[in-house]
Amino acid sequence: MNSTITSISALEILDSRGNPTVRTYVTLDDGTKASASVPSGASTGQHEALELRDGEKRYAHKGVEKAVSHVNVEIAETLIGMNAVEQKNIDYTMIELDGTETKSKLGANAILGVSMAVAKAAAITSNLPLYRYLGGSNTTRIPVPCMNILNGGEHADNSVDFQEFMLVPNGAPNFKEGLRYVAETFHILKKILKGKGLATSVGDEGGFAPNCSSNEAAMELIITAINEAGYEPGKDLSIAIDSAANSFSQNLDNKYDLLSSGAGKMTTEELIDLSGKWLKKYPIVSWEDPLSEGDWDGFSEFTKNFGSQIEVVGDDIFVTNKKYIRKGIENKTANSALIKLNQIGTITETIEAIKMCREAGWRYFLSHRSGETEDTFLSDFAVAMDGGHLKAGSACRGERVAKYNRLLEIEHELGNRAEYRWK
Ligand SMILES: O=C(O)[C@@H](CO)OP(=O)(O)O
Ligand SMILES: [Mg+2]
């Protein structure tokens, strides 16, 4: 099948934080048109692919006109005439054109936007839904929606150190019900917060951002909400945490300072100890970045202690990069990797990272960024990758809800062939 790319262009748009990001457009010779928008993180790993930003300060977060121009000029000149259904060829051509390890010449935001828009155009011209085009004909598994309902860390200005507290509807019979479980509990949590005189304003991903008296108090509120919503903690709904420990480790090493809550300085051992206590008390099934990206030994210790009980996810430490995931597999650093397309910058490399996890018997956790757009590429991608779970924020921000709604659509389309299970 030949579907020749006839035009590629880009535009600077805004993301959900009001910061500039890249939207790309691709046209094929049969008239097919597709566009894609690139997300942007706030709590980033040091080794992520580079998000190219302009020098001038027109916005709080600088513009992306340079990246836009790289799409319009270098990338367009190189890819026009190529076959859109050859994703790997397209992605590796851009990787070569850039020629740097972190995509710093053209910008990962420029490259990823094109990678995504080409895949969308190829799916349309192949008459296939995107999840099926990327995942093949046996793609039937809808991910468990790990919904972020309480925010802290760099995603909120409150007194909680851990960045994300997520509800995991692992006891639900299907995605639709799972989404209902978490959305209902989200609303109950709002009532509880109101009743206690705590703020019901939300953080970047739409989770509430109350000033709790401690990190543990945040956890207690969530357990209360699950119970009051009529669900059984640990049976219907469990919990996933993203500590994003980089944000309370100034030098990204084994020294921590839980400043926001006032819990104070902690060593790796003390943090692991605290986690052990929480794991005994609360129905936690997944813990992401419990330690900072420089604390490889601490991560391994954490995994040795708890890896048989829960999913230990590396985000900032692996940055969806095979080089770091390989090191993690060798050192038993974790047992799962967070997967974010823009951390590495192409669809093909993201798929390769997932394949590496799969082959090692690791899990992988598909993820949005804290700065998102209305693009629902992630939903189709998560289904295509058969990973079993995704995080896409809360139930009250349009750019997050769009992803969940797309998953409802896919589940509906698959009918009784749709699968839903935690593991
Ligand atoms: O740390 C994370 O996992 C993400 C997404 O939730 O946040 P950010 O996009 O800010 O890196
Ligand atoms: Mg994270």
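Residues numbered from 1 in each chain as written. Chains lettered and ligands numbered in written order. Predicted model: local features only at pLDDT ≥ 70, side-chain atom pairs only at ≥ 80, totals over all residues. Heavy atoms only, no water.

Draft legend 1. Representation of the sheet that holds strand S13 (residues 389–391). On the basis of which strands lie adjacent, the closed barrel formed by eight strands has the order S4-S5-S6-S9-S10-S11-S12-S13 and mixed pairing. On average, adjacent strands in this sheet sit at an angle of 30 degrees to one another, irrespective of strand direction. As judged from the three bridges shared by strand S4 (residues 144–151) and S13, these two strands associate in the parallel manner. Among the inter-strand pairings, Val144 is bridged to a residue of S13, identified as His389. Sitting on the sheet, helix H7 (residues 268–281) is in contact with strand S5 (164–168), strand S6 (238–242) and strand S9 (284–288), with an inclination near 155 degrees to S9. (Pairing = 2+ DSSP bridges. Helix = DSSP H or I, 4+ residues; strand = E, 2+ residues; numbered from the N terminus. Axes fitted to C-alpha atoms, helices over the stretch in contact; angles between N-to-C directions. Contact = heavy atoms within 4.5 Å.)

Draft legend 2. Spotlight on the UniProt feature "active site" (unreviewed entry) in the protein. The feature "active site" (unreviewed entry), as given by UniProt, occupies Glu205 and Lys340 in the numbering adopted here. Along the polypeptide, Glu205 turns up in the loop between helix H5 (175–195) and helix H6 (215–228). With a relative accessible area of 2%, Glu205 lands in the buried category. Filtering out sequence-adjacent residues up to four positions away, Glu205 remains in contact with Asn148, Asn151, His155, Glu164, His368, Arg369, Ser370, Gly393, Ser394, Arg397 and Arg400. (UniProt positions renumbered as here; feature names shortened; annotations may be inferred. Buried < 20%, exposed > 50% of the residue type's maximum accessible area, 1.4 Å probe, protein only.)

Draft legend 3. Structural detail: the coordination of the magnesium ion (ligand 2). In the first shell of the magnesium ion (ligand 2), the protein supplies Asp242 (OD), Glu288 (OE) and Asp315 (OD), at 2.0 to 2.2 Å from the metal. Positions of the donor residues of the magnesium ion (ligand 2) along the chain correspond to the pattern D-x45-E-x26-D. Placement of the pair is Asp242 in strand S6 and Glu288 in strand S9, with a sequence separation of 46 residues. Relative accessible area serves as the criterion here: at 1%, Glu288 is assigned to the buried category. (Donors = N, O, S within 2.8 Å, 3.2 Å for Na, K, Ca; no water.)

Draft legend 4. Here's a closer look at the state of the cysteines. Applying the stated criterion to the full structure yields zero disulfides. Note on Cys212: no disulfide assigned, nearest cysteine sulfur contributed by Cys396 at a separation of 16 Å. (Disulfide = S-S within 2.5 Å.)

Draft legend 5. Just the site of ligand 1, in detail. Taken together, the neighbourhood of ligand 1 is formed by 17 residues, with Glu164, Glu205, Arg369, Ser370 and Lys391 sitting nearest. In this structure, Ser43 approaches ligand 1 through a main-chain N or O atom, which is 2.9 Å from an oxygen atom. Classifying every residue of the shell around ligand 1 by side-chain character gives two nonpolar, seven polar and eight charged. Here the shell around ligand 1 spans two domains, and each of domain 1 (5–127) and domain 2 (144–417) adds at least three residues to it. (Near = heavy atom within 4 Å. Polar contact = N/O pair within 3.5 Å; in protein donor to acceptor, adjacent residues only side chain to side chain. Nonpolar A, V, L, I, M, F, W, Y, C, P; charged D, E, K, R; others polar. Domains from an automatic or database assignment.)

Draft legend 6. The packing of aromatic side chains, seen in detail. The tally for this structure, following the rule as stated, stands at 14 aromatic pairs. Plain terms: the ring middles of Phe162 and Trp287 are 6.2 Å apart, the flat faces sit at 75 degrees to each other, and that makes the pair edge-to-face. Taken as a pair, Phe162 in the loop between S4 and S5 and Trp287 in strand S9 lie far apart in primary sequence, 125 residues in all. According to the relative accessible area criterion, Trp287 is buried, its value standing at 1%. Members of the aromatic cluster, each reached through a chain of ring pairs, are Phe162, Phe165, Phe248, Tyr256, Trp278, Tyr282, Trp287, Phe302 and Phe306. Taking the ring centre of Trp296 as reference, the NZ or CZ of Lys327 above it sits at 4.0 Å. Sitting over the ring of Trp422, Arg363 keeps its end group 4.6 Å from the ring centre. (Phe/Tyr/Trp six-rings, centres within 6.5 Å; stacked < 30°, edge-to-face > 60°. Lys NZ or Arg CZ within 6 Å of the ring centre and 35° of its normal.)

Draft legend 7. The packing of helix H2 (residues 87–98) against helix H11 (residues 347–359), seen in detail. Where H2 contacts H11, the axes come no closer than 8 Å and their chain directions differ by 110 degrees. Judged on the interaxial angle alone, H11 and H2 are roughly perpendicular. On H11, the residues touching Gln87, Lys88, Asp91, Tyr92 and Ile95 of H2 are Ile347, Thr348, Glu349 and Glu352. In the contact of H2 with H11, the residues fall into three nonpolar, two polar and four charged. (Parallel < 35°, antiparallel > 145°, perpendicular 65-115°, else oblique.)

Draft legend 8. Quick peek at the UniProt feature "binding site: Mg(2+)" (unreviewed entry) in the protein. Per the UniProt entry, the sites bearing "binding site: Mg(2+)" (unreviewed entry) are Asp242, Glu288 and Asp315 in this numbering. The annotated residues occupy 74 residues of the chain but converge on a single region, no pair of C-alpha atoms lying more than 9.0 Å apart. Aside from chain neighbours lying at most four places away, what touches Glu288 is Ile241, Asp242, Ser243, Ala244, Val313, Asp315, Leu338, Phe365 and Lys391. Looking at the secondary structure, you find Asp315 in the loop between strand S10 (311–314) and helix H9 (322–331). Contacts of Asp315, omitting those with residues within four sequence positions, involve Asp242, Glu288, Asp289, Leu338, Lys340 and Gln343.

Draft legend 9. How the structure looks around H7. In a regular helix each residue adds 1.5 Å, so 14 residues correspond to 20 Å; H7 covers 20 Å between its end C-alpha atoms and thus fits that length. Considered for burial, the residues of H7 that qualify are Thr268, Leu271, Ile272, Ser275, Gly276, Trp278 and Leu279. Down the axis of H7, the sector holding all buried residues measures 165 degrees, keeping them to one side. H7 presents Glu269, Lys277, Lys280 and Lys281 as exposed residues on the side facing more than 90 degrees away from its buried surface. (Expected span 1.5 Å × (residues − 1). Arc of directions from axis to C-beta.)

Draft legend 10. Fine view of the sheet that holds strand S1 (residues 5–14). Ordered by their spatial adjacency, three strands build an open sheet running S1-S2-S3, and the pairing between neighbours is antiparallel. Two strands lie at the open edges of the sheet, namely S1 and strand S3 (33–37), each paired on one side alone. Between one strand axis and the next, the sheet turns by 20 degrees as a mean value, whatever way the strands run. As paired elements, strand S2 (residues 20–28) and S3 share five bridges and run antiparallel to each other. Opposite Arg23, over in S3, you have Ser37 as the bridge partner. Helix H1 (residues 65–79) rests against S1 and S2 of the sheet, and its axis sits at about 175 degrees to S1. Relative to S3, helix H3 (residues 108–125) is tilted by about 145 degrees, and along the sheet it contacts S1, S2 and S3.

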